[in-house]
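Chains, contacts and geometry: an overview
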Amino acid sequence: VDYKFAPKTILGVALGYGFNSNNNDSSPMNYKSSQITVTSYALTSIGNRWLLDAMLGYGSMSFNGTRYTTTDQIPLDFNLRGGSMFGAFGASKTFDIGHFKVSPILRESFLNSNLNAYSETGSSDYALGYQSSNTNSHTTTSEVLVMYDLRDKDSKFGLFGKLTAQQIYNSSVTQNVFYADLGTVGGLYTLSSPSNVQYAQTLKLGMNYQLKTGGNLQVSWSGTVGAYQINGVTLSASVPF
């Protein structure tokens with residue numbers, strides 16, 4: 001839902017829902033997961049072709065299902081809950097260089113995730129309990145977007161390229177595990193991951209065709225190297241009603 005707060009400022013709120021399940025009998029775990037998110041956002045344009053945007057949101061997560069022990073194949077049920085807070089702020093400016101539009105973009109985003117404590121239930125002595133855990137991450141993204149447009153009275157055809165560099169910081173994660181029937185007095189095993197900083201670079205090339213009536217078709221290729229490596233082709237289309 002968008003609201004035009006001022007001639008050059010838009011405020012909005014968005015609701016999201018996601019669902020996933022795995023019911024494969026050959027899998028050592030069957031589960032269902034869902035997430036609900038609420039996100040508020042703002043977009044404003046200020047003098048001399050500056051564009052600022054910000055968003056802040058919260059998500060709740062549920063994860064439940066059955067795990068089968070590796071030793072005796074006894075089912076153990078689990079029910080996990082958690083939540084996350086996330087946000088981002090970005091700034092960009094557009095320059096005209098000949099027939100090209102060039103936009104440097106800088107963005108900072110963060111994610112805080114929390115998993116509640118829970119214990120597996122079932123008849124096996126191997127049922128486990130987990131204490132709560134928390135993790136934080138933030139990403140600094142710098143981009144350069146280059147666009148070239150050809151227009152006629154009814155449509156616009158454009159070529160674009162975008163080069164992105166990211167620095168991703170992940171905090172350390174620690175979670176204590178114990179046997180559910182004994183509790184923490186029966187001893188703890190600690191799962192831990194140290195903090196780390198990762199870097200990634202992405203190149204995206206594409207073309208876009210847009211009708212004056214609102215229809216849009218876009219084809220793009222992107223490739224990422226560094227902390228993770230992804231190559232892909234994306235085709236998207238929209239039709240107004």
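Preceding block: the structure.
First, a word on scope: everything that follows refers to the structure included in this document. Just so you know, these numbers come straight off a predicted model, no measurement behind them.

**Comments concerning the overall build of the protein**
Each helix and strand in the protein was counted, giving 0 helices and 16 strands. By the compact-globule yardstick of 18 Å for 241 residues, the protein is too spread out, its C-alpha radius of gyration being 24 Å. Out of the 241 residues in the protein, the part that is buried amounts to 27%. Surface exposure of the protein reaches about 15,400 Å², of which carbon and sulfur atoms provide 60%.

**Looking at the sheet that holds strand β13 (residues 189-193)**
Here we have 4 strands laid out as an open sheet, ordered β8-β9-β12-β13, and antiparallel in their pairing. Sheet topology places β8 (118-119) and β13 at the edges, where each strand pairs with a single neighbour.

**Examining the packing of aromatic side chains**
Within this structure, the stated rule accounts for 4 aromatic pairs. Look at F100 and Y148: their rings are 5.2 Å apart centre to centre, the planes differ by 45°, and that puts the pair in the tilted class. Residue F100 is found in strand β7 (residues 100-115), and its partner Y148 is found in strand β10 (residues 133-151); the two are separated by 48 residues along the sequence. Put simply, the rings of Y31, F63 and F78 touch in pairs and so form one group of aromatic residues. The positively charged end of K93 is found above the aromatic ring belonging to F95, 5.2 Å away from the centroid.

**Topic: unusual backbone geometry**
Notably, N48 is not glycine yet its phi reads approximately 65°, a positive angle. Mapping N48 onto the fold places it in the loop between β3 (29-46) and β4 (50-68). On the basis of relative accessibility, which here comes to 59%, the residue N48 falls in the exposed class.

**Examining the environment of T94**
Of note, T94 is situated in the loop between β5 (75-93) and β6 (95-97). Between the C-alpha atoms of T94 and L106, which are 12 residues apart in sequence, the distance is 12 Å. Dropping the residues within four chain positions of it, T94 is found in contact with R49, K101, V102 and S103. For T94, the side chain forms a polar contact with the side chain of S103, separated by 3.0 Å.

**Considerations on the side chain of T66**
Its location among the elements puts T66 in strand β4. Judged by relative accessible area, which is 16%, T66 ranks as buried. Polar side-chain contacts of T66 include one of 2.9 Å to the side chain of D77.

**Side note on the pairing of strand β16 (residues 230-238)**
Two elements, strand β15 (residues 216-226) and β16, share 9 bridges in a ladder whose sense is antiparallel. Among the inter-strand pairings, L217 is bridged to a residue of β16, identified as A237. A loop of 3 residues connects β15 with β16, the two strands running antiparallel in sequence.

The rules we used
- Residues numbered from 1 in each chain as written.
- Predicted model: local features only at pLDDT ≥ 70, side-chain atom pairs only at ≥ 80, totals over all residues.
- Heavy atoms only, no water.
- Helix = DSSP H or I, 4+ residues; strand = E, 2+ residues; numbered from the N terminus.
- Rg over C-alpha atoms; globule rule 2.2 N^0.38 Å.
- Buried < 20%, exposed > 50% of the residue type's maximum accessible area, 1.4 Å probe, protein only.
- Areas by Shrake-Rupley, 256 points an atom, 1.4 Å probe, with all protein chains shown as cover.
- Pairing = 2+ DSSP bridges.
- Phe/Tyr/Trp six-rings, centres within 6.5 Å; stacked < 30°, edge-to-face > 60°.
- Lys NZ or Arg CZ within 6 Å of the ring centre and 35° of its normal.
- Contact = heavy atoms within 4.5 Å.
- Polar contact = N/O pair within 3.5 Å; in protein donor to acceptor, adjacent residues only side chain to side chain.

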